[in-house]
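# Survey of secondary and tertiary structure
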Amino acid sequence: MSDSPGAALRDLREQKPLIHNITNYVVMNETANAILAIGALPVMAHAPEEVEELAAAAGALVLNIGTLSRPWIYAMLLAGKTANEAGVAVVLDPVGAGATTLRTDTAKRILEEVDVAVLRGNAAEVAALAGLEAKISGVEAIGVGAGAATVARTAATAFGVVASVTGPVDHVSDGERTLAVANGDPLLATITGSGCMSTALTGCFVAVRADAPLDGAAFALAAIGVAGEDAAAEAKGPGTFHALLYDALYALTPDRLDARVNIELA
Amino acid sequence: MSDSPGAALRDLREQKPLIHNITNYVVMNETANAILAIGALPVMAHAPEEVEELAAAAGALVLNIGTLSRPWIYAMLLAGKTANEAGVAVVLDPVGAGATTLRTDTAKRILEEVDVAVLRGNAAEVAALAGLEAKISGVEAIGVGAGAATVARTAATAFGVVASVTGPVDHVSDGERTLAVANGDPLLATITGSGCMSTALTGCFVAVRADAPLDGAAFALAAIGVAGEDAAAEAKGPGTFHALLYDALYALTPDRLDARVNIELA
Amino acid sequence: MSDSPGAALRDLREQKPLIHNITNYVVMNETANAILAIGALPVMAHAPEEVEELAAAAGALVLNIGTLSRPWIYAMLLAGKTANEAGVAVVLDPVGAGATTLRTDTAKRILEEVDVAVLRGNAAEVAALAGLEAKISGVEAIGVGAGAATVARTAATAFGVVASVTGPVDHVSDGERTLAVANGDPLLATITGSGCMSTALTGCFVAVRADAPLDGAAFALAAIGVAGEDAAAEAKGPGTFHALLYDALYALTPDRLDARVNIELA
């Protein structure tokens, strides 16, 4: 790559893009803090009266279906269509797709009605949407029939998106090219919302790589992966890891990120 | 007891039960993290379109009225009745009962319409529901006329539940047998949501002790109590305690829990 | 001043006022913990069925428009009017005013229909409301034409409130007297919700200085400022700072606060 995660991080910190999130109640604080720590500006807003105004002005729009209800679905579709018209990249996190009909159907509906740039989920969520075998318990992936690279490639082709599938190794695909991102630490799976933070950071990086969403999505996972490694080095468990993760995102430099990134063609 | 908190913790970590929470906005992240740290799987969902699907598939359903509104009350009743039909244990946290008519009435309505396995609250909340003298300021117990053991026993008999009353010493009663749990640390009272976390953990333990909810409820309080003691040993105040509490829940082993538990017949 | 922040903190810890918050989803946990750490009692409640009961019984009512929707606006107006009738001080945080029409209009409507004691925001939010030039990106102040002291004075006069404008140096004005509070640390700007915490603490201090809201508002900013300085001394970044901020608020003593406070006439 001529481009690099570090170069994108440098752009992000200079441009400080506004990231408009319509997300779930569980992780609002955590994703806002992750966005701030990496160097962008978060805003959370879900009222139909204001989502169009914010989505059109944002660097990226992040939709996350983790605690859905009808009015929020309406707001997501409204914001998504506005973002499309304004040329603002849309990132979708299909939290719990495959676990309930409402979540599966809503994720599919957003993928149909909105031009989504990046679909970021765990393997079971993305597999369920792509019609592959998957087992999910609530919002946790339990098992998937196909390999994660296949899940990413299949979903990317099926929905015309970049599919960003996180797991022990992450796989990001646009259907033709698939990247494996091997940064991260098992402690990331011990806190709620680390997937949602990955999605929020994907919004940040895609905001500065709008014409290369595959790279943007992979760079975001590298960034949280490296920060996770740094945080884990000092953590005593999930709670201290969680606090140190923001420290690590904030302390991450472009050079350090480029020196530590582990992205390969899958 | 032939059974022990450690044995239940071992079962919990093996079975990884799904805990469906319809809870308040304040503690969604914190209770999800507590459930993950102890070894179970949390899901937060409140839409009428999906609560039946999740409640029926869960190991336990946790209802918490901390930031009520009409649509959420409807969802709680719907999920509660579904859980009952599916044989899934229901745990209720009557946050702020006694402080407002809406909260008192809603807690009573849930107790009437849903077969609640465990009612977990502070002494003032549970006393108010049981018709005993109580003083509450917002969601904090200020004073109760009767002793905590009497409050627990009276509520258990009145509502046909296990009443789990937390305080400096916790009291858990099924109306006939009352257990006093003397683990914990005063720092637990300095962070918001420690009561709600106790309720969430009660869901986890009751999921693996469905036929012995009195034991399950007491084991849960012992677990958060011992973790609180461990966290307090290193904490410098409420903020570091909060982070260390998740570390301690995650690090808690069955043997350590059994060695430290302090449960007696009251 | 014959009065002092330390004296107010002493009163606060003795009286433990109940602070009723109708606030945004992002910071509910964080503001509740800040209120507990300083020594008051938080309650979060937004249902029309209970906000009047709680607002009338509270020491102060805090309204925060950070994640607005129609039902919440209705609840805020209802609670605000009830607080006014009961003589309970109302504090308003106009999060994102100037960024969307909904937020600007809602903040103005609350200022018109409710007798607000203290308006606490960043310079861009308060400037936008007062009709001064301001640039805001989402909820972050980017630039303001006038100086912060002018913004505070102008807003105070325009709305008949104490205007509390936070920034590198905070400015609090009742239109006649303007105080500059020079406590704090840049790390406060790296976590989401530090402004909302300032507003919540303003509620705590105004609850014990109802007849001197200018002093109460300045004392609150001094308290979070000194706590921020203490937390920053040990923090490694935004995450550890965030945890240590609660420790510092909890550990803050009246004497320490008075020794460290930096309030001057502007």
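Bear in mind that the values here come from a model prediction, so they are computed numbers and not experimental data.

What counts, and where the lines are drawn
- Residues numbered from 1 in each chain as written.
- Chains lettered and ligands numbered in written order.
- Predicted model: local features only at pLDDT ≥ 70, side-chain atom pairs only at ≥ 80, totals over all residues.
- Heavy atoms only, no water.
- Helix = DSSP H or I, 4+ residues; strand = E, 2+ residues; numbered from the N terminus.
- Rg over C-alpha atoms; globule rule 2.2 N^0.38 Å.
- Buried < 20%, exposed > 50% of the residue type's maximum accessible area, 1.4 Å probe, protein only.
- Contact = heavy atoms within 4.5 Å.
- Lys, Arg positive; Asp, Glu negative; His and termini not counted.
- Charge placed at Lys NZ, Arg CZ, Asp CG, Glu CD.
- Pairing = 2+ DSSP bridges.
- Axes fitted to C-alpha atoms, helices over the stretch in contact; angles between N-to-C directions.
- Least-squares fit on C-alpha atoms with pLDDT ≥ 70 in both.
- Parallel < 35°, antiparallel > 145°, perpendicular 65-115°, else oblique.
- Left-handed = near helix turned anticlockwise from the far one by under 90°.
- Nonpolar A, V, L, I, M, F, W, Y, C, P; charged D, E, K, R; others polar.
- Polar contact = N/O pair within 3.5 Å; in protein donor to acceptor, adjacent residues only side chain to side chain.
- Salt bridge = Lys/Arg side-chain N within 4 Å of Asp/Glu carboxyl O.
- Phe/Tyr/Trp six-rings, centres within 6.5 Å; stacked < 30°, edge-to-face > 60°.
- Buried area = accessible area lost by both parts, 1.4 Å probe.

The next point concerns the overall build of chain A. Regarding its fold elements, chain A presents eleven helices and eleven strands. Expected size for 266 residues packed as a compact globule is a radius of gyration near 18 Å; at 16 Å, chain A falls within 12% of this value. Based on the C-alpha atoms only, the size of chain A along its principal axes is roughly 40 × 40 × 35 Å. Here chain A holds 266 residues, and the buried ones make up 65% of them. Pairs at least 24 apart in sequence give 71% of the contacts found in chain A among residues at least 6 apart. Across chain A, 16 positive and 30 negative side-chain charges occur, with their mean positions spaced 3 Å apart.

Residues and elements named next belong to chain A. If you walk across this open sheet you meet the nine strands as S2-S1-S3-S4-S5-S8-S9-S10-S11, and the pairing is mixed. The sheet is open, and its two borders are formed by strand S2 (41-44) and strand S11 (263-265), each paired with just one other strand. In this sheet, adjacent strand axes meet at a mean angle of 20° when their direction is disregarded.

The next subject is unusual backbone geometry. Residues and elements named next belong to chain A. We note that Lys16 has phi near 45°; this positive angle belongs to a residue other than glycine. Here Lys16 is to be found in the loop between helix H1 (5-15) and strand S1 (18-22). Taking relative accessible area as the criterion, Lys16 reaches 45% and is therefore assigned partly exposed.

A word on the relation of the copies chain A and chain C. With an RMSD of 0.0 Å, the operation that places chain A on chain C is a rotation of 120° combined with a shift of 0.0 Å along the axis. What we have between these two chains is a three-fold relation. Taking C-alpha positions as reference, the residue of chain A nearest the rotation axis is Tyr25 of chain A, located at 3.8 Å.

Let us now look at the sheet that holds strand S2 (residues 41-44) of chain C. Residue and element names in this part refer to chain C. Judged by pairing direction, the sheet is mixed, and its nine strands sit side by side in the order S2-S1-S3-S4-S5-S8-S9-S10-S11 without closing on themselves. A single partner strand is all that each edge strand has here, and the edge strands are S2 and strand S11 (263-265). Within this sheet the neighbouring strands show an average axis-to-axis angle of 20°, counted without direction. Note that strand S10 (residues 178-181) and S11 share three bridges and pair antiparallel. Along S11, the bridge assignment pairs Ala180 with Glu264.

Further remarks concern the packing of helix H8 (residues 194-207) of chain A against helix H9 (residues 213-234) of chain A. Residues and elements named next belong to chain A. Viewed as axis vectors pointing N to C, H8 and H9 meet at an angle of 135°, and their least axial separation amounts to 8 Å. The orientation of H8 with respect to H9, classified from their angle, is oblique. In terms of crossing hand, the pair formed by H8 and H9 is right-handed. Listed contacts from H9 to Ser194, Met197, Ser198, Leu201, Thr202, Phe205 and Val206 of H8 are Pro213, Gly216, Ala217, Phe219, Ala220, Leu221, Ala223 and Ile224. Here the residues of the contact of H8 with H9 sort into eleven nonpolar, four polar and no charged.

To continue, consider the side chain of Thr67 of chain B. Along the chain, the position of Thr67 of chain B falls in the loop between strand S3 (60-64) and helix H4 (70-86). Take Thr67 of chain B: its relative accessible area is 4%, and that puts it in the buried class. A distance of 3.0 Å separates a polar side-chain atom of Thr67 of chain B from the backbone nitrogen of Tyr25 of chain B. Every residue in contact with Thr67 of chain B, bar those within four places of it in the chain, is listed here: Asn24, Tyr25, Val26 and Arg103 of chain B together with Met44 and His46 of chain C.

Of the transformation placing chain B onto chain A, the axial shift is 0.0 Å and the rotation is 120°, giving an RMSD of 0.0 Å. Looking at the interface residues of chain B, only 4% of them are also at the interface in chain A, so each copy uses its own face.

Enumeration according to the criterion identifies 39 salt bridges over all chains in this entry. The partner of Arg109 of chain C in a salt bridge is Glu113 of chain C, and the shortest N-O contact between them spans 2.9 Å. Here Glu113 of chain C and Arg109 of chain C lie together in helix H5 (residues 101-113), a separation of four residues that amounts to about one turn. According to the relative accessible area criterion, Arg109 of chain C is partly exposed, its value standing at 37%. Overlapping salt bridges bring together Glu229, Asp230, Arg256 and Arg260 of chain A as one network.

So, about the environment of Ala200 of chain C. Residues and elements named next belong to chain C. Looking at the element boundaries, Ala200 is found in helix H8 (residues 194-207). Taking the C-alpha atoms as reference points, Ala200 and Ala248, 48 residues apart in sequence, are found 16 Å from one another. The contact partners of Ala200, leaving out residues within four places of it in the chain, are Asn21, Thr31, Ile35 and Val62.

The full count for this structure, using the stated rule, is nine aromatic pairs over all chains. Between Tyr25 of chain A and Trp72 of chain B, the aromatic rings sit 6.0 Å apart at their centres with planes inclined by 50°, giving tilted as the arrangement. A residue pair is termed interchain when its members come from two chains, as with Tyr25 of chain A in the loop between S1 and helix H2 (28-38) and Trp72 of chain B in helix H4. Accessibility assignment for this pair places Tyr25 of chain A and Trp72 of chain B in one class, buried. Taken together through their ring pairs, the aromatic side chains of Tyr25 and Trp72 of chain A, Tyr25 and Trp72 of chain B together with Tyr25 and Trp72 of chain C make up a single cluster.

Taken together, the contacts link 25 residues of chain A with 28 residues of chain C. Buried surface at the junction of chain A and chain C, both sides included, amounts to about 2200 Å², of which 60% is carbon and sulfur. On the chain A side of the contact with chain C, Asn29, Glu50 and Asp247 of chain A bury the most area, a combined 22% of that side's loss. At the boundary of chain A and chain C, one finds three salt bridges. As a salt-bridge pair, Arg70 of chain C and Glu49 of chain A come within 2.9 Å of each other at their nearest N and O atoms. Linking chain A with chain C are eleven residue pairs in polar contact (both at pLDDT 80 or more), by the criterion used here. Residue composition of the side of chain A that touches chain C, grouped by class: 17 nonpolar, three polar and five charged.

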